[in-house]
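Report on the structure
So the chains spell out like this:
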Amino acid sequence: MSAGVWSRLRDWAEEAWCRHVRYRELYRQLDRMRADLKARAAWMDELSEEELAGVLRGLAECIDAVQTSGGDAPDHGEGRA
């Protein structure tokens, strides 16, 4: 095997390993986020249909209020608070 072929093979293996490690960490983060979301939303599983409908109505009202008041907010340039 020539030195050029060996070098390309080594570079390919290194890139594949780095990609594997990077994606492995992303999947770990995604798994943690899924578990966190599941834990935060567990109380919703215990709601009755009526209670769930009430929560959804309240959420819709809240979203409507935020959208309505959004026009009153001062316009800030990008990157400024």
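Described below are features of the structure shown in this document. (Residues numbered from 1 in each chain as written. Predicted model: local features only at pLDDT ≥ 70, side-chain atom pairs only at ≥ 80, totals over all residues. Heavy atoms only, no water.)

1. Considering the overall build of the protein
Helix and strand counts for the protein come out as two helices and zero strands. Looking at the protein residue by residue over its 81 residues, the buried ones come to 0%. Accessible surface, the protein as shown: approximately 7700 Å² in total, 58% of it carbon and sulfur. (Helix = DSSP H or I, 4+ residues; strand = E, 2+ residues; numbered from the N terminus. Buried < 20%, exposed > 50% of the residue type's maximum accessible area, 1.4 Å probe, protein only. Areas by Shrake-Rupley, 256 points an atom, 1.4 Å probe, with all protein chains shown as cover.)

2. Concerning the packing of aromatic side chains
Here the structure, examined in full by the defined rule, presents zero aromatic pairs. It is R22 that lies over the ring of Y23; its NZ or CZ is 5.2 Å from the centre. (Phe/Tyr/Trp six-rings, centres within 6.5 Å; stacked < 30°, edge-to-face > 60°. Lys NZ or Arg CZ within 6 Å of the ring centre and 35° of its normal.)

3. Some thoughts on the pattern of salt bridges
Tallying each qualifying case throughout the model produces five salt bridges. With its nearest N and O atoms 3.7 Å apart, the salt bridge here joins R34 to D31. Note that R34 and D31 are positioned in helix α1 (residues 3-40) at a spacing of three residues, about one turn of the helix. The class of D31 is partly exposed, set by a relative accessible area of 46%. Across the salt bridge formed by R40 and D36, the nearest N and O atoms sit 3.2 Å from each other. Here R40 and its partner D36 are both found in helix α1, four residues apart, which amounts to about one turn of the helix. Exposure remark for R40: the relative accessible area of 60% places this residue in the exposed category. Each of E25, R28 and R32 takes part in one network of salt bridges that share partners. (Salt bridge = Lys/Arg side-chain N within 4 Å of Asp/Glu carboxyl O.)

4. So, a nonpolar patch on the surface
On the surface, a nonpolar cluster with roughly 410 Å² of combined accessible area is contributed by Y23, L26, Y27 and L30. Locating L26 in the fold gives a position in helix α1. (Patch = residues over 30% accessible without salt bridge, like charges linked within 9 Å, V, L, I, M, F, W, Y side chains within 5 Å.)

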